[in-house]
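Residues per chain, in single letters:
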Amino acid sequence: MKTIQHWIDGSAVPGTATQPVFNPATGAERAQVVLGGAADVDAAVAAAARAFETWSESSLTQRTQVMFAFRQLLVEHEEELGRIISAEHGKTVDDARGEIVRGREVVEFACGLGDVLKGGFSDQVSRGIDVHNFRQPLGVVAGITPFNFPAMVPLWMHPIAIATGNTFLLKPSERDPSAANFVAGLYQRAGLPDGVFNVVHGGKDAVDAILTHPGIRAVSFVGSTPIAKYVHEKATSAGKRVQALGGAKNHAVVLPDADLEFAADHITAGAYGSAGERCMALSVAVAVGDAADRLVEVLQRKAREVKVGPGDAPGTEMGPLVTKAAQERVENAVGTAQAQGATVVVDGRGLKIDDPAYAGGFFTGPSLLDHVTTGMEAYREELFGPVLAVVRVDTLDAAIDLINANPYGNGTALFTASGEAARRFQRRVTVGMIGINVPVPVPMSYYSFGGWKDSLIGDSPIHGPEGIRFYTRPKVVTTRWPQQAQQVNAGFDFPTSS
């Protein structure tokens, strides 16, 4: 049985306690992962602190060369890394490759380090005085990342942190930990010095050690809202900078003027892709006016056409859920919705895969619920599974009010042919990321990712320009070079320009 170890100071480091890692398609144990604690975090921080002394003084050219080499290795090993992710998460290999590509875009953004780190200069702000500014790295920083994107979400963090001169400690999900170690190996091959990128596996003990460690200057987190609040409170009380991205309940609004085949195609993919285990998954379709009956009819047909199977099988569009507990939770949610008055149009519970090799897999099929109301658990809770709830409203304004009343504000989409409706929607809706006829509006790497309300705790989005600001701090230098014979009078009054 393979044991997935920590990666500290450029090599694998064993641990004592372990827990199993499963293949969601078969339900079988495929590896053991070590569970770290305070001592392992101490060791990683010590290695990162030593590496910071030289890495923070490395040239922009050196850091950029590492990022270019790392980016190329991600291209060359995309298929291999995609299969590693699929085997532990359950998503299809193509979906896993897609997350690698989107993560790689952040590396490409980091390759432009020389441009994004340029400071400013103001000549002659006062007689004989100039001012310039620049940004410097923080030190040792850490990322705590979720199971649903074991490559992409960490890639939102560590390339920018490392490129700006910091050293990094990653605590990935213990459910699918192998991707983190694989990426560590790619960094080493790219020429990154040992100790700059470290991986400590584990659960709450490792997380708490990171949040309170005095040698860690900043923490980036993506996960559920309750844990995001916990991370933000505990880490900020320890004096750290914190990015804490929480949960979501993403709505897709469909107006009567929309192309319903187009809208249903994209909503189906957005709802059931990766078995709904995405923070940007569409979990609510808001049908406006007389679009409702027609939309549900098309969504029903398309949900029944989704091909469910193991993630590495040709033709599979949706794989299993990540754990048995997740499968049971999602199927119980469908039953609860039915008991509370929702219409189960498509019932994905009890799905069986024909091949006996997958009889123990954590599969459930797409479920479509109609006549869902805001008081039902299927609407209020983040189900994180392949369940799409249809809520019916009369007008676009009612749809906007519905979304704005929801505690989450991560992503939303509008399907329409009306530019006026789209402009009204995007200006009024209290959501951080908006798609117009785009179902999963994840921004490009040169924009920042982050929601509003309970989807972002604090005020620090992730990657893009916000990532540069998060992982660096500014210095402003005011300079005078007086001539030898020049007399400059010192004053006791507060200095002003002249």
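Residues numbered from 1 in each chain as written. Predicted model: local features only at pLDDT ≥ 70, side-chain atom pairs only at ≥ 80, totals over all residues. Heavy atoms only, no water.

Novice: With reference to specific residues and values, describe the pattern of salt bridges.
Specialist: Per the counting criterion, the structure on display carries 28 salt bridges. Between R278 and D95 there is a salt bridge, with the nearest N and O atoms lying 3.0 Å from each other. Residue R278 is located in the loop between α10 (260–272) and β14 (282–288), and its partner D95 is located in helix α4 (residues 93–111); the two are separated by 183 residues in the primary sequence. Take R278: its relative accessible area is 17%, and that puts it in the buried class. Residue D95 is classed as buried on the basis of its relative accessible area of 17%. Here E261 makes a salt bridge to K302, at a shortest N to O gap of 3.1 Å. Here K302 lies in helix α11 (residues 291–305) and E261 lies in helix α10, a separation of 41 residues in the sequence. Exposure remark for E261: the relative accessible area of 36% places this residue in the partly exposed category. (Salt bridge = Lys/Arg side-chain N within 4 Å of Asp/Glu carboxyl O. Helix = DSSP H or I, 4+ residues; strand = E, 2+ residues; numbered from the N terminus. Buried < 20%, exposed > 50% of the residue type's maximum accessible area, 1.4 Å probe, protein only.)

Novice: So what's going on with the side chain of N406? Which residues, and what values?
Specialist: Looking at the secondary structure, you find N406 in the loop between α14 (396–405) and β18 (408–409). Using a relative accessible area of 4% as the deciding quantity, one classes N406 as buried. Sequence-distant contacts of N406, defined by excluding residues within four places in its chain, comprise K249, H251, Y379 and K453. (Contact = heavy atoms within 4.5 Å.)

Novice: Go over the packing of aromatic side chains with me, naming the residues and quoting the values.
Specialist: Summed over the entire model, instances satisfying the criterion amount to eight aromatic pairs. Taking 6.2 Å as the distance between ring centres and 65 degrees as the angle between the ring planes, the aromatic pair formed by F262 and F415 counts as edge-to-face. Of the two residues, F262 sits in helix α10 while F415 sits in strand β19 (residues 411–415), which places them 153 residues apart along the sequence. A relative accessible area of 1% places F415 in the buried class. Through a chain of ring-to-ring contacts, the aromatic side chains of F70, F168, Y187 and F197 assemble into a single cluster. (Phe/Tyr/Trp six-rings, centres within 6.5 Å; stacked < 30°, edge-to-face > 60°.)

Novice: Explain the sheet that holds β14 to me, and be specific about the residues and the numbers.
Specialist: The strand order across the open sheet built from seven strands is β15-β16-β17-β14-β13-β19-β20, with neighbouring strands paired in mixed fashion. Only two strands of the sheet have a single neighbouring strand rather than two, namely β15 (343–346) and β20 (433–436). Strand-to-strand, the axes of this sheet are offset by a mean angle of 20 degrees, without reference to chain direction. In terms of strand pairing, strand β13 (residues 250–254) meets β19 through four bridges, oriented parallel. Its bridge partner lying in β19, H251 is registered against T412. Against the sheet, α14 touches β13, β14, β17 (387–393) and β19, its axis set at about 180 degrees to β13. (Pairing = 2+ DSSP bridges. Axes fitted to C-alpha atoms, helices over the stretch in contact; angles between N-to-C directions.)

Novice: Just give me the short version of helix α8 (residues 204–212), but keep the residues and values in it.
Specialist: Listing the buried residues of α8 in full gives A206, V207, D208, A209, I210 and L211. If you follow the buried residues of α8, they end up packed against α1 (38–55), β8 (140–144), β9 (167–171), β11 (216–222) and α9 (225–237).

Novice: Go over the pairing of β11, please, and point to the residues and values.
Specialist: Of all seven residues making up β11, six are buried, and the element is well covered by its neighbours. Judged from the five bridges that link them, β8 and β11 form a sheet pairing that is parallel. Paired with G143 across the two strands is S220, which belongs to β11. Sheet analysis places β11 next to strand β12 (residues 241–245), joined by five bridges and oriented parallel. Within β12, the residue paired with F221 across the bridge is A244. A crossover connection joins β11 to the parallel β12 through α9; in handedness this β-α-β unit is right-handed. (Right-handed = clockwise from strand over helix to strand, strands pointing away.)

Novice: Quick rundown of unusual backbone geometry? Include the residues and the values.
Specialist: Positive phi values are uncommon outside glycine, yet H371 reaches one of about 55 degrees. What makes H371 partly exposed here is its relative accessible area of 40%.

Novice: An account of the packing of α4 against helix α6 (residues 152–163) is requested, with residue identities and associated values reported.
Specialist: Where α4 contacts α6, the axes come no closer than 8 Å and their chain directions differ by 15 degrees. Put simply, α4 runs roughly parallel to α6. The two elements α4 and α6 meet at a crossing, and its hand is right-handed. Each of E99, I100, R102, G103, R104, V106, V107, F109 and A110 in α4 lies in contact with α6, whose residues at this interface are M152, L155, W156, P159, I160 and A163. Grouping the constituent residues of the contact of α4 with α6 by class yields 11 nonpolar, one polar and three charged. (Parallel < 35°, antiparallel > 145°, perpendicular 65-115°, else oblique. Left-handed = near helix turned anticlockwise from the far one by under 90°. Nonpolar A, V, L, I, M, F, W, Y, C, P; charged D, E, K, R; others polar.)

Novice: An account of the sheet that holds strand β23 (residues 472–480) is needed here, citing residue identities and associated values.
Specialist: An order of β6-β7-β23 is seen for the three strands of this open sheet, with the pairing classed as antiparallel. Taken across any chain shown, the strands that pair with only one partner, and hence form the sheet edges, are β6 (120–126) and β23. Across this sheet, the average inter-strand angle for adjacent strands is 25 degrees, counted without regard to direction. Sheet topology places β6 next to strand β7 (residues 129–137); four bridges connect them, and they run antiparallel. Bridging across to β7, F121 finds its partner in H132.

Novice: An account of the nonpolar core is needed here, citing residue identities and associated values.
Specialist: In terms of nonpolar packing, the biggest core is built from 65 residues, with V253 and L299 touching the most fellow members. Not counting the four nearest positions on each side in its chain, V253 is found in contact with V286, V288, L396, A399, I403, A413, L414, F415 and F425. Grouped together as the second largest cluster of nonpolar side chains are 59 residues, A51, F70, A151 and A184 included. (Core = buried A, V, L, I, M, F, W, Y, C linked by side-chain atoms within 4.5 Å.)

Novice: Residues and numbers for the environment of L60, please.
Specialist: Residue placement: L60 occurs in helix α2 (residues 60–76). On a C-alpha basis, the gap between L60 and L414 in space is 42 Å, while along the polypeptide they are 354 residues apart. If sequence neighbours within four positions are ignored, L60 has contacts with L113, G114 and L117.

Read these as geometric descriptors, not functional statements.
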